Amino acid sequence: MKYEGKKLVWRDYQKEIAEDHYFYARSCIRQTFFPGSEMTFLRILKDELGKDVCDGAHHTSCTGIGYHSDIVPLETTMTVIARQFALMTEAGYENYAASCITSFGLYTEIIDMWHHFPETEDRAREYLFKATGREFKVPKNLAHASDIIYKFRYEIAAKAKYRLVDKETGKPLKVVEHIGCHYSKMFPHKGVGGAEYPYVLTGMIEAWGGEVIDYPERRHCCGFGFRQYIVQANRGFSIACSKKKFDSMEPYEPDMIITNCPGCPMFLDRWQYALSEMEGKTYGKNGKGIPVFTYEEVAGIVMGYDPWEIGLQVHQVPAEPVLDKIGVEYDPDKKFKGPNGEDLGRPVAPSYLKFYKE
Amino acid sequence: MSRHVAVIGAGAAGLEASSALASMGFRVTLVEKEDSTGGHVKDWHALFPNRRPGAEVLDSLRKNLDPGVNLVTGKPVSAIKPNGKTFFVESGNDWQTEADAVLMATGFSLFDARKKEEYGYRIYDNVITSADLEAAFSAGKVTMKNGEIPKRIGFVHCVGSRDEKAGNIYCSKVCCVTAVKQAIEIKEFLPGTEVFCFYMDLRMFGRHYEELYKEAQEKYNVQFIRGRLSESTEDHNGKVILKVEDTLLGKPLKIGVDMLVLMAGMESPSGTRQLRDMLHLAKDNDNFLIPSDAHLSANISEIPGLFYAGTCTGPKNIADTLADARSAALAVAKYLKS
């Protein structure tokens, strides 16, 4: 592997990411999958970096999952997106920050479509106005939330309490980065680092002390793929995709996986449990799995946030092996306690995947 | 005093045309951007279809270069300036000549395989180009990065050719037969090595090319798989993992090879395009120079006194390039004598 070759590719795919004043559009599914992630993003941006972020309550789904599943017609998608942009415009913002990869891809696609076929934008404006009386401006800057964390990765590193380094050996943790398919595969120049060798997560990992693993199935889908999972009959294909990735990364003995898409951490995390139940196979050492994180969670870990405050207890593959390797201080007894100390109960341990510390 | 012709580019076309023009009594200045003559031929270990050493053809072209030709090397031409019935040909501010006619024999540049990012050239250690393999043959050593002998090699046809994503929709003509030739050379050089060629079509347009293709299959057991590579990656052992569809079987394939050879196509060089734009010559989608008539005046440009020879007007093999160069010399002579 020639690292210099990748750097040449990355040089060709740099994008403008706004410095401040973001209109933040949350994801439909992340708040149920990994509820601490978006909160951690806002905490870092607002409290640590002093940025202005509008976290409005009125936006809806972008329709992305329905759009890619052929349930929602294009005109409806465009009108819904026009409404999201109208909310941004009304709030006095020009920089749109999407929490979801599919939303980011869909916004990029619609803006590109409007650019090439202006009559479709006129139609979306007309539908929106007729339905809601709203008008909108196309965002001056569109970024995925991971672009923003990438932009401020060194500022985060400067404030960080921990690094992605083995506290015992001083060696960097081995990290698999997994990029959501809709981030840059459709529009390579809209993603940091392009489509083939995206840099957005690699840049964070490097800035925070880790080492990135490049493995053969790096580009492969996590297994969500919408139709692979949403159509129940296809779920075998979904788990097969995830298995293909785990089998491919296993020889590198990764310490963790970091993702930037709502679905990917869900599937890479939960399918490890399912695979262990189906085949008795686990991908970490000694019956453990490979912990899977969102980039906000990793940012929160290096910032020294309480792991249970950022929601790491909802992971199927326990995060503790990584926390222990880094040397993160945490109270194991608080893992299954609510914010007010109430007992939330303890999950049943899987048959093979080690869930509780021995 | 005899009329003066400036020939730009001392590759196969430029050398051949210069000799032809000099032998017809014209004063010829042959200007080459590099320090030596020969263009791409000097980098080619052996030529198809008979696997004759490239050096043999080049030595002959160099030896036959008329001694009257004024050879100027190390001067990339930066401007051609029409001046009434003559032209000023310049290389920066330090070299200039005035000529009655200019023959552009500026050749081609190899497609930069890095642009096909998904193939991993200059990223994965054992992904090389057809030009790199020729250099390896010349050095007498075909090994992987770790020095070991590759046991399995894949060739990818049409890298940067017939590829809209790469910006080149045309066929570079010679890559198919080059892959077949190199596959056979590998089998002779490394008899125990398996060879796979991944192709869209096999365009064996020249005499004896088809026979070479047949020989590769029957005698050398080279495996030809119809399907375009979608991506390559590297595993923890340094093996190159390929994802490709076998379109005859209708099945996706995943295959590991020790070395991947990318058959880089031909492109119009950036220097040629700059001169074209400077002279306000018409542009084509493929960026190669456009003759005034593709059939009847294939060497004549839109500008009286400016001529083309060789691959500056499109991909050609060496035999066609040399024939084109002689044809161009005749066109120049006809113009200067009229």
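These numbers were taken from a predicted model, which means no experiment stands behind them. (Residues numbered from 1 in each chain as written. Chains lettered and ligands numbered in written order. Predicted model: local features only at pLDDT ≥ 70, side-chain atom pairs only at ≥ 80, totals over all residues. Heavy atoms only, no water.)

Examining the overall build of chain B
In plain terms, the rule: By definition, any uninterrupted DSSP run of H or I lasting at least four residues is a helix, any uninterrupted run of E lasting at least two residues is a strand, and each is numbered from the N terminus. As a reference, a globule follows 2.2 Å times the number of residues to the power 0.38, and the radius of gyration itself is taken over C-alpha atoms. Exposed residues in this analysis have more than 50% of their type's maximum accessible area, buried residues have under 20%, and partly exposed residues fall in between, with area computed by a 1.4 Å probe over protein chains only. The positive count covers Lys and Arg only, the negative count covers Asp and Glu only, and His and the chain ends enter neither. Lys charges are placed at NZ, Arg charges at CZ, Asp charges at CG and Glu charges at CD.
Looking only at helices and strands, one finds 7 helices and 20 strands in chain B. For chain B, whose C-alpha radius of gyration is 21 Å, the value lies close to the compact-globule estimate of 20 Å for 338 residues. Seen through its C-alpha atoms, chain B measures out along the principal axes to roughly 65 × 35 × 35 Å. Taken over 338 residues, chain B has a buried fraction of 57%. Across chain B, 41 positive and 43 negative side-chain charges occur, with their mean positions spaced 1 Å apart.

Regarding the pattern of salt bridges
Operational definition: Only one rule defines a salt bridge in this text: a Lys or Arg side-chain nitrogen within 4 Å of an Asp or Glu carboxyl oxygen.
This structure, assessed with the given rule, holds 53 salt bridges over all chains. The partner of Arg51 of chain B in a salt bridge is Glu185 of chain B, with the nearest N and O atoms 4.0 Å apart. With Arg51 of chain B in the loop between strand 3 (46-47) and strand 4 (52-53) and Glu185 of chain B in helix 4 (residues 175-189), the pair connects residues that are 134 residues apart, well separated along the chain. For Glu185 of chain B, a relative accessible area of 6% translates into the label buried. Taken together, the salt bridges that share partners define one network made up of Glu196, Glu217 and Arg219 of chain A together with Glu231, Lys243 and Lys254 of chain B.

Observations regarding helix 13 (residues 235-249) of chain A
Residue and element names in this part refer to chain A. Cut-off, in case you're wondering: Each residue after the first adds 1.5 Å to the expected span of a helix. Only heavy atoms enter the contact rule, under which two residues are in contact if any of them lie within 4.5 Å.
Relative to the 21 Å expected for 15 residues at 1.5 Å per residue, helix 13 spans 22 Å between its end C-alpha atoms, a close match to the ideal helical length. Listing the buried residues of helix 13 in full gives Ser238, Ile239, Cys241, Ser242, Lys245, Phe246, Ser248 and Met249. Buried residues in helix 13 make contact with strand 5 (174-178), helix 12 (227-230), strand 7 (256-259) and helix 14 (263-279).

Some words on the side chain of Ser172 of chain B
All names here are of chain B. Stated precisely, the cut-off is as follows: N or O atoms closer than or at 3.5 Å make up a polar contact, with two conditions inside protein: a donor-capable atom paired with an acceptor-capable one, and, for residues adjacent in sequence, both atoms drawn from side chains.
Structurally, Ser172 can be placed in the loop between strand 12 (152-159) and helix 4. A residue is classified by how much of its surface remains accessible, and Ser172, at 1% relative accessible area, is buried. Looking at Ser172, its side chain comes within polar contact range of the side chain of Ser161, at 2.8 Å. Residues contacting Ser172, with those up to four places away along its chain left out, are Ser161, Gly265, Met266 and Pro315.

Describing the sheet that holds strand 17 (residues 251-257) of chain B
All names here are of chain B. Rules: In this scheme, strands are said to pair when DSSP sees at least two bridges between them. Axes, fitted as lines to C-alpha atoms, cover a helix only where it is in contact. Angles between the N-to-C directions of the axes lie from 0 to 180 degrees.
A sheet is described by the order of its strands in space; here 3 strands give the open sequence 15-16-17, paired in antiparallel fashion. In this open sheet, the two strands that pair with only one neighbour each are strand 15 (229-234) and strand 17. Direction aside, neighbouring strands of the sheet carry axes that sit 20 degrees apart on average. Direction of pairing for strand 16 (residues 240-246) relative to strand 17: antiparallel, over a ladder of 7 bridges.

Digging into the sheet that holds strand 20 (residues 306-308) of chain B
Residues and elements named next belong to chain B. In spatial order, the strands read 5-2-1-9-20; together these 5 strands make up an open sheet with parallel pairing. Only two strands of the sheet have a single neighbouring strand rather than two, namely strand 5 (70-72) and strand 20. For this sheet the average axis-to-axis angle between neighbouring strands, irrespective of direction, equals 20 degrees. The pairing of strand 9 (residues 101-104) with strand 20 spans 3 bridges and is classified as parallel. Bridged to Leu103 within strand 20 is Phe307. Where helix 1 (residues 12-23) meets the sheet, its contacts fall on strand 1 (4-8), strand 2 (27-31) and strand 9, and the angle it forms with strand 2 comes to roughly 165 degrees.

Observations concerning the confidence of the model for chain B
Just so we agree on the cut-off: Scored between 0 and 100, pLDDT is the confidence that the predictor attaches to each residue.
Put simply, chain B has an average pLDDT of 96, and 100% of its residues get 70 or more. The ipTM assigned to the predicted complex is 0.89, against a pTM of 0.92.

With respect to the interface of chain A and chain B
With 18 residues of chain A at the contact, the number on the chain B side is 18 residues. The interface formed by chain A and chain B holds 4 salt bridges in total. For Glu217 of chain A, the salt bridge goes to Lys254 of chain B, with nearest N and O atoms at 2.4 Å. If you look at where chain A meets chain B, you find 11 residue pairs in polar contact (both at pLDDT 80 or more).

Here we look at the packing of helix 1 of chain B against helix 2 (residues 54-63) of chain B
All names here are of chain B. Just so we agree on the cut-off: Each helix crossing is assigned a hand: it is left-handed if the near helix lies turned anticlockwise from the far helix by less than a right angle, otherwise right-handed if that turn is clockwise. Classification used: nonpolar for Ala, Val, Leu, Ile, Met, Phe, Trp, Tyr, Cys and Pro, charged for Asp, Glu, Lys and Arg, polar for all others including Gly.
At a minimum axis separation of 9 Å, helix 1 and helix 2 run at an interaxial angle of 30 degrees. Where helix 1 crosses over helix 2, the two elements pack in a sense that is left-handed. Residues Ala12, Leu15 and Glu16 of helix 1 form the contact with helix 2, whose own contacting residues are Leu58, Leu61 and Arg62. Here the contact of helix 1 with helix 2 is composed, by residue class, of 4 nonpolar, no polar and 2 charged.

Re the domain arrangement of chain A
Residue and element names in this part refer to chain A. Condition: The start and end points of each domain follow an automatic or database-based domain assignment. By buried area we mean how much accessible surface two parts lose on assembly, using a 1.4 Å probe and totalling the loss over both.
If you check the domain split of chain A, you get domain 1 (12-145) and domain 2 (153-334). For domain 1 versus domain 2, the distance between C-alpha centres works out to 25 Å. At the interface, 37 residues of domain 1 touch 39 residues of domain 2. Carbon and sulfur atoms make up 69% of the area that domain 1 and domain 2 hide from each other, which totals about 3300 Å².

Digging into helix 14 of chain A
All names here are of chain A. For helix 14, with 17 residues, the first-to-last C-alpha span of 23 Å sits near the 24 Å given by 1.5 Å per residue. Within helix 14, 12 of the 17 residues are buried, leaving the element largely enclosed by the surrounding structure. Packed against the buried residues of helix 14 are helix 2 (30-33), strand 5, helix 12, helix 13, strand 7 and strand 8 (292-294). Of the residues one or two after helix 14, Gly280 is the one with positive phi, at around 70 degrees.

Points about unusual backbone geometry
Cis peptide bonds are those with omega within 30 degrees of zero, and the linkage from Phe48 of chain B to Pro49 of chain B qualifies with -5 degrees. Mapping Pro49 of chain B onto the fold places it in the loop between strand 3 and strand 4. A positive phi angle, close to 60 degrees, is found at His21 of chain A, a residue other than glycine. For His21 of chain A, the location among the structural elements is in the loop between helix 1 (3-12) and strand 1 (22-25). Its identity as a non-glycine residue notwithstanding, His280 of chain B has a phi of 55 degrees, on the positive side. On the secondary structure map, His280 of chain B appears in the loop between helix 6 (270-278) and strand 20.

A word on the pairing of strand 13 (residues 194-199) of chain B
Residue and element names in this part refer to chain B. Under the convention used in this document: Looking down the strands as they point away from you, a crossover is right-handed if its path from the first strand over the helix to the second goes clockwise.
Burial analysis of strand 13 places 5 of its 6 residues in the buried class, which makes it a mostly covered element. Pairing analysis gives 5 bridges linking strand 12 to strand 13, with the strands arranged parallel. From the neighbouring strand, Phe155 faces strand 13, where its bridge partner is Cys197. Of the crossover connections in this fold, the one passing from strand 12 over helix 4 to the parallel strand 13 is right-handed. Judged from the 4 bridges that link them, strand 13 and strand 14 (residues 223-226) form a sheet pairing that is parallel. The residue bridging Cys197 from the neighbouring strand is Phe224, located in strand 14. Crossover strand 13 to strand 14 through helix 5 (residues 209-218) is right-handed.

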